[in-house]
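The chain contents come next:
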Amino acid sequence: MKRYSLAFGVFGPVNIVVLYFALRSQAWLPWFFPKMMTTPMTPDLAANTAVSFATTTTWQAYAGENTMSYFSQLLLAGQNFVAGAAGLAVGIAFIRGYAREKTVGLGNFWGDLVRAVLWVLMPMSILGSVFLIAQGVPMNFLPYTIAHTVEGGTQTIAQGPVAALEFIKNFGTNGGGFFNVNAAHPFENPTPLTNFVELLAIVVVPAALTHTFGRMVGRPREGWVIFWTMTVLFLAGLLVCGWAESSVHAGMAGGITGGNMEGKEVRFGVGGSVLAAVVTSNGATGSYNSMHDSFQPLGVAVPLVNMFLGEIVYGGLGTGLYSMIFVALVALFIGGLMVGRTPEHLGKQIAPAEMKIIAVYTLVGPVTVLALTALAVVTNAGLSGLTTNAGAHGFTEILFAYASAFANNGQSMAGLSANNIFYNTTTIVAMLTGRYVLAVLALALAGRFAAASRRPPSRGAMPSDGMTFGVLLTGTALLVGALNFLPALAMGPIVEHFSMH
């Protein structure tokens with residue numbers, strides 16, 4: 001376990017350093033067009049971007065077409081492969097901890113990393129990128145085109161190797177956009193068909209890992225219970241967000257029909273935009289296709305809650321599965337208290353040492369997100385990022401930013417101007433904590449389970465492969481999230497909703 005954690009912990013920082021110096025020196029690297037690069041790559045922005053892509057967060061405090069050269073964009077695309085593969089490797093190692101007994105090893109990180117890239121990410125990304133090119137996504141290295149409009153003006157049309165970045169950003173659960181507006185841009189996401197395929201790419205591997213878990217531990221029903229619990233939570237969020245965005249506030253209703261279309265692309269409509277918001281907020285992928293800053297308060301509360309829950313609904317590559325397993329262990333502990341039995345899962349006893357790891361894992365997120373949010377709202381540096389909104393909506397923008405950074409998601413509410421030293425620094429803290437602290441805790445728990453012997457289920461053990469446990473798991477996920485974040489939600493989207501009505 002220690003060697004696996006060390007390898008994972010070293011691999012990320014090495015990538016951060018390489019990315020940082022490459023971004024700082026992109027003016028001397030190929031495919032740099034200085035007339036188009038209007039946003040300077042300052043040290044704090046370069047550090048934030050390097051950490052962002054090395055942790056699969058892909059939080060972007062910049063506009064890609066105005067800041068990044070083609071070489072930098074391709075470098076970030078490559079990082080999407082290796083960072084996503086590293087997360088998948090940790091997820092597989094976590095499953096091995098359940099599957100093995102009386103051993104101290106969880107596998108070889110470097111072997112898992114190579115397998116994830118060559119056997120999973122690379123083949124599907126090649127096929128997906130070719131499909132996107134066929135649908136009209138650009139793949140070239142030409143300078144930006146200056147078009148002359150019928151009114152006599154000019155328009156700069158950004159382009160580049162978009163297809164190389166577009167599919168892996170979704171399939172690797174990364175999310176960083178080639179353009180500032182991400183998947184809302186027609187060059188990234190031109191049709192409803194590409195919208196569906198890109199969203200499907202986000203969830204296909206994380207959802208399949210539930211079956212992988214069941215097969216590796218020899219209990220397929222366990223995997224199906226986890227999968228259907230995730231699906232129920234996904235559908236619940238989709239219904240709530242869809243209902244919120246399909247309705248129009250009375251103050252806006254004069255002649256408006258069809259729901260809240262502010263900040264949404266007509267080619268996707270409310271349905272495609274809501275689906276993308278729910279999928280990306282559950283899947284650790286900030287590949288948004290609409291502006292969440294324009295969502296109704298309860299509409300934006302859904303992706304916010306999804307990130308608060310730890311993106312346990314499918315989630316990122318590997319991370320979503322072990323996040324849900326941690327919730328399952330909390331549910332088993334609660335169930336064990338109800339019947340007066342020592343909790344166990346798949347023959348592995350959950351002793352006090354394991355519960356300490358689970359408790360720390362559960363508390364890291366709330367402590368980090370709420371502490372950084374509190375720091376931002378009581379300092380001038382934090383409040384200076386609210387360029388257009390104040391009050392409950394401004395608070396939601398700040399809370400959303402830190403929740404997204406900690407969850408390694410990357411999407412944001414556009415009303416927050418985050419490219420300054422304060423936000424570039426504090427979001428780094430959130431991203432590193434959400435990536436490495438949680439992964440190390442997951443590997444520590446897996447190591448303890450791998451070293452333990454597997455016992456036959458006792459008569460008092462709660463079965464974890466039926467509907468009863470699925471209901472308990474769903475309730476536990478919502479209860480833990482509510483206890484940690486309900487006051488923050490009450491000061492943000494909930495109070496804004498009631499103030500509008």
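Residues numbered from 1 in each chain as written. Predicted model: local features only at pLDDT ≥ 70, side-chain atom pairs only at ≥ 80, totals over all residues. Heavy atoms only, no water.

Engineer: Give a detailed account of the pattern of salt bridges, specifying residues and quantitative values.
Structural biologist: Following the criterion strictly, the structure yields ten salt bridges and no others. Lys169 serves as the salt-bridge partner of Glu166, at 3.2 Å between the closest nitrogen and oxygen. Highlighted residues: Glu166 and Lys169, both in helix H6 (residues 162-171), separated by three residues, approximately one helical turn. Note on Glu166: relative accessible area 1%, which makes it buried. The partner of Arg219 in a salt bridge is Asp465, and the shortest N-O contact between them spans 3.6 Å. In this pair, Arg219 sits in the loop between helix H7 (192-216) and helix H8 (220-246) while Asp465 sits in the loop between helix H15 (421-451) and helix H16 (467-500), placing the two residues 246 residues apart along the sequence. Via salt bridges that share partners, Arg219, Arg221, Glu222 and Asp465 belong to a single interconnected network. (Salt bridge = Lys/Arg side-chain N within 4 Å of Asp/Glu carboxyl O. Helix = DSSP H or I, 4+ residues; strand = E, 2+ residues; numbered from the N terminus. Buried < 20%, exposed > 50% of the residue type's maximum accessible area, 1.4 Å probe, protein only.)

Engineer: Account for the environment of Gly299, with residues named and values stated.
Structural biologist: You can see Gly299 is positioned in helix H10 (residues 297-308). For the pair Gly299 and Gly382, spaced 83 residues apart in sequence, the C-alpha to C-alpha distance is 25 Å. The contacts of Gly299, once residues within four sequence positions are left out, are Cys241, Ala244 and Glu245. (Contact = heavy atoms within 4.5 Å.)

Engineer: Which residues make up the pairing of strand S1 (residues 145-148), and what values do they have?
Structural biologist: With four bridges connecting them, S1 and strand S2 (residues 154-157) associate as antiparallel partners. Bridge pairing in S2 links Ala147 to Gln155. Counted between consecutive antiparallel strands, the loop separating S1 from S2 contains five residues, among which Gly152 sits at a positive phi close to 95 degrees. (Pairing = 2+ DSSP bridges.)

Engineer: Tell me what's going on with unusual backbone geometry, and back it up with residues and numbers.
Structural biologist: Unusually for a residue other than glycine, Thr173 sits at a positive phi of about 50 degrees. Relative to the elements of secondary structure, Thr173 occurs in the loop between H6 and H7. Overall, Thr173 belongs to the buried group, its relative accessible area being 3%. Within the chain, Tyr314 stands out as a residue other than glycine whose phi angle is a positive 70 degrees. Of note, Tyr314 is situated in the loop between H10 and helix H11 (319-339). Owing to a relative accessible area of 9%, Tyr314 belongs among the buried residues under this scheme.

Engineer: Residue-level account of the packing of H8 against H10, with values.
Structural biologist: Helix packing for two helices is described by the angle between their axes and how far apart those axes are. At their nearest, the axes of H8 and H10 sit 7 Å apart, and the two run at 155 degrees to each other. The orientation of H8 relative to H10 falls into the category roughly antiparallel. The crossing of H8 and H10 is left-handed. Each of Gly237, Val240, Cys241, Trp243, Ala244 and Glu245 in H8 lies in contact with H10, whose residues at this interface are Leu298, Gly299 and Val302. (Axes fitted to C-alpha atoms, helices over the stretch in contact; angles between N-to-C directions. Parallel < 35°, antiparallel > 145°, perpendicular 65-115°, else oblique. Left-handed = near helix turned anticlockwise from the far one by under 90°.)

Engineer: I'd like to hear about the nonpolar core, residue by residue, with values.
Structural biologist: In this structure, Phe94, Tyr98, Phe109, Phe213 and Leu329 are the most contacted members of the largest nonpolar core, which totals 141 residues. The greatest single-element share of this core, amounting to 16 residues, is contributed by H15. Leave out the neighbours within four places in its chain, and Leu329 touches Tyr98, His345, Ile350, Ile358, Leu445 and Phe449. (Core = buried A, V, L, I, M, F, W, Y, C linked by side-chain atoms within 4.5 Å.)

Engineer: Account for the side chain of Ser52, naming residues and giving values.
Structural biologist: Locating Ser52 in the fold gives a position in helix H2 (residues 43-54). Ser52 sits in the buried class, given a relative accessible area of 0%. Dropping the residues within four chain positions of it, Ser52 is found in contact with Thr57, Thr58, Trp59 and Met431.

Engineer: Give a detailed account of the packing of aromatic side chains, specifying residues and quantitative values.
Structural biologist: Applying the stated criterion across every chain, the model contains 26 aromatic pairs. An aromatic cluster is built from Phe94, Tyr98, Phe213, Tyr322, Phe326, Tyr361 and Phe449, whose rings are joined through pairwise contacts. (Phe/Tyr/Trp six-rings, centres within 6.5 Å; stacked < 30°, edge-to-face > 60°.)

Engineer: Quick rundown of H6? Include the residues and the values.
Structural biologist: Counted residue by residue, H6 has nine buried out of ten residues, so it is predominantly covered. Residues of H6 that are buried make contact with helix H4 (70-99), helix H5 (109-134) and H7. Looking one or two places after H6, you find Thr173, whose phi comes out positive at around 50 degrees.

Engineer: Outline helix H12 (residues 352-377), listing residues and values.
Structural biologist: Taking 1.5 Å of rise per residue, 26 residues should cover 38 Å, and H12 covers 37 Å from first to last C-alpha, within 8% of that figure. In the structure, H12 departs most strongly from a straight axis at Leu363, where the bend amounts to approximately 30 degrees and where the proline Pro366 lies between one and four residues downstream. (Expected span 1.5 Å × (residues − 1). Bend = angle between axes of the 7 residues up to and from the residue.)

Engineer: Kindly report on the side chain of Lys348, identifying the contributing residues and their values.
Structural biologist: Along the chain, Lys348 falls in strand S4 (residues 348-349). Summary of buried charges: Lys348 has no salt-bridge partner, and the nearest side chain of opposite charge, Glu101, is 6.3 Å away. Separated by 2.7 Å, the side chain of Lys348 and the backbone oxygen of Arg100 make a polar contact. Among the polar contacts made by the side chain of Lys348, one reaches the main-chain carbonyl oxygen of Phe449 at a distance of 2.6 Å. Those residues within four positions of Lys348 in sequence are excluded, and the remaining contacts are Gly97, Tyr98, Arg100, Glu101, Phe449, Ala450, Ala452, Ser453 and Arg454. (Lys, Arg positive; Asp, Glu negative; His and termini not counted. Polar contact = N/O pair within 3.5 Å; in protein donor to acceptor, adjacent residues only side chain to side chain.)

Engineer: A description of the packing of H8 against helix H9 (residues 269-282) should follow, citing residues and the corresponding values.
Structural biologist: Their axes nearest at 9 Å, the elements H8 and H9 cross at an angle of 140 degrees. Looking at the two axes, H8 sits oblique to H9. Taken as a pair, H8 and H9 cross one another with a handedness that is right-handed. For the pair H8 and H9, contact is made by Phe234, Gly237, Leu238, Cys241, Gly242, Glu245 and Ser246 and by Val270, Val274, Leu275, Val278, Val279 and Asn282, respectively. Considering only residue class, the contact of H8 with H9 consists of eight nonpolar, four polar and one charged. (Nonpolar A, V, L, I, M, F, W, Y, C, P; charged D, E, K, R; others polar.)

Engineer: An account of a nonpolar patch on the surface is needed here, citing residue identities and associated values.
Structural biologist: Residues Leu6, Val10, Val14 and Val18 make up a contiguous nonpolar surface patch of about 360 Å² in total accessible area. Within the element layout of this structure, Val18 appears in helix H1 (residues 2-24). (Patch = residues over 30% accessible without salt bridge, like charges linked within 9 Å, V, L, I, M, F, W, Y side chains within 5 Å. Areas by Shrake-Rupley, 256 points an atom, 1.4 Å probe, with all protein chains shown as cover.)

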